[in-house]
Amino acid sequence: MALDPLASEFFFRSSIKKYIIDSLSTIEGKLVIFDSTILYEEVSTYNVDEWFVVNFGMFDRSLMSRNLIEINCCTRQDAEGVKLSKLTDLVVGYLTDTSMTDTMRRIAMYDATEIDPLNWTEIGKMLVLKFSEGFQNTTPDKTKVKTITPILTWGSVV
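Note that the structure is a prediction, hence the values are computed from the model and not measured. (Residues numbered from 1 in each chain as written. Predicted model: local features only at pLDDT ≥ 70, side-chain atom pairs only at ≥ 80, totals over all residues. Heavy atoms only, no water.)

(A) Fine view of empty space enclosed by the protein. Summed over all chains, the structure comprises 1 cavity of 30 Å³ or more. The calculated volume of the largest cavity comes to roughly 80 Å³. Taken together, 13 residues form the lining of the largest cavity, with Y19, I20, I71, Y94 and L95 sitting closest to its centre. Counting residues per element, the lining of the largest cavity draws most heavily on helix α1 (residues 9–27), which supplies 5 residues. Split by residue class, the lining of the largest cavity holds 12 nonpolar, 1 polar and no charged. (1 Å grid on protein atoms, 1.4 Å probe; cavity = no way out; pocket = protein on both sides within 12 Å on 5 of 7 lines; lining within 4 Å. Points joined across faces, edges and corners; volume = space filled by probe spheres on them. Helix = DSSP H or I, 4+ residues; strand = E, 2+ residues; numbered from the N terminus. Nonpolar A, V, L, I, M, F, W, Y, C, P; charged D, E, K, R; others polar.)

(B) Representation of the packing of α1 against helix α2 (residues 82–95). At their nearest, the axes of α1 and α2 sit 11 Å apart, and the two run at 140 degrees to each other. Our classification of the angle between α1 and α2 gives oblique. Handedness of the crossing formed by α1 with α2: right-handed. Contacts between α1 and α2 pair Y19, S23, L24 and I27 from the former with L90, V91 and Y94 from the latter. When grouped by side-chain class, the residues that make up the contact of α1 with α2 number 6 nonpolar, 1 polar and no charged. (Axes fitted to C-alpha atoms, helices over the stretch in contact; angles between N-to-C directions. Parallel < 35°, antiparallel > 145°, perpendicular 65-115°, else oblique. Left-handed = near helix turned anticlockwise from the far one by under 90°. Contact = heavy atoms within 4.5 Å.)

(C) Geometry of the pattern of salt bridges. In the structure shown here, the tally under the stated rule is 9 salt bridges. Here E9 and R61 are joined by a salt bridge, their closest N and O atoms 3.9 Å apart. Of this pair, E9 sits in helix α1 while R61 sits in the loop between β2 (50–60) and β3 (64–75); the two residues are 52 residues apart in sequence, bridging distant segments of the chain. By relative accessible area, E9 is classed as partly exposed at 26%. Judged by relative accessible area, R61 falls into the partly exposed class, the value being 37%. A salt bridge links D141 to R76; the nearest nitrogen and oxygen atoms lie 2.8 Å apart. Pair noted here: D141 is in the loop between β6 (137–138) and β7 (144–155) and R76 is in the loop between β3 and α2, with a separation of 65 residues, a long-range link. Where salt bridges share partners, they join E9, R13 and R61 into one cluster. (Salt bridge = Lys/Arg side-chain N within 4 Å of Asp/Glu carboxyl O. Buried < 20%, exposed > 50% of the residue type's maximum accessible area, 1.4 Å probe, protein only.)

(D) View of the packing of aromatic side chains. This structure, assessed with the given rule, holds 8 aromatic pairs. Seen from their ring centres, F12 and F59 are 5.6 Å apart, and the 50 degrees between their planes marks the pair as tilted. Within this pair, whereas F12 is found in helix α1, its partner F59 is found in strand β2, the two being separated by 47 residues in sequence. A ring pair is formed by F34 and F56, whose centres lie 6.4 Å apart and whose planes are at 15 degrees; its orientation type is stacked. Of this pair, F34 sits in the loop between β1 (31–33) and β2 while F56 sits in strand β2, and the two are 22 residues apart along the sequence. (Phe/Tyr/Trp six-rings, centres within 6.5 Å; stacked < 30°, edge-to-face > 60°.)

(E) Seen up close, unusual backbone geometry. For Q77, which is not a glycine, the phi torsion comes out positive at approximately 55 degrees. Backbone geometry at K142 places phi at a positive 75 degrees, although glycine is not the residue there.

(F) Layout of the side chain of T88. Along the polypeptide, T88 turns up in helix α2. In contact with T88, not counting residues within four places along its chain, are C73, E133, K146 and I148.

Here is the structure:
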């Protein structure tokens with residue numbers, strides 16, 4: 001039996017990557033990295049002082065599927081954390097939608113079978129159910145990091 005497209009982890013991850021790249025990289029012009037092993041160490045060779053590291057968490061397939069992602073906002077040369085607070089505000093702006101009565105964003109889920117995202121077909125919407133914000137931390141090389149953790153949910157058949 002074929003897997004319901006809305007229960008596909010590959011489609012979920014591809015859709016989230018597309019949303020984050022379209023929003024934070026293409027529109028906002030920020031560096032976005034999808035790799036849990038890179039937070040600040042390897043970025044030291046990059047010529048940036050603001051970036052995001054995105055990690056995928058537990059994938060829960062059910063009638064109402066859920067996934068948690070981590071969006072790490074990172075800044076350098078930011079003594080008072082002003083740039084970091086602007087980055088976190090930017091992320092929260094993309095997780096919320098004040099035109100909705102619950103103010104939470106709906107993110108398109110796509111059938112990502114095609115290689116080119118321009119050829120993807122929307123198959124549903126994911127709701128940003130809620131999000132939490134961690135404490136500001138400072139790494140040994142003085143990178144400031146704050147993690148925003150949204151939980152997304154959507155209907156699927158498993």
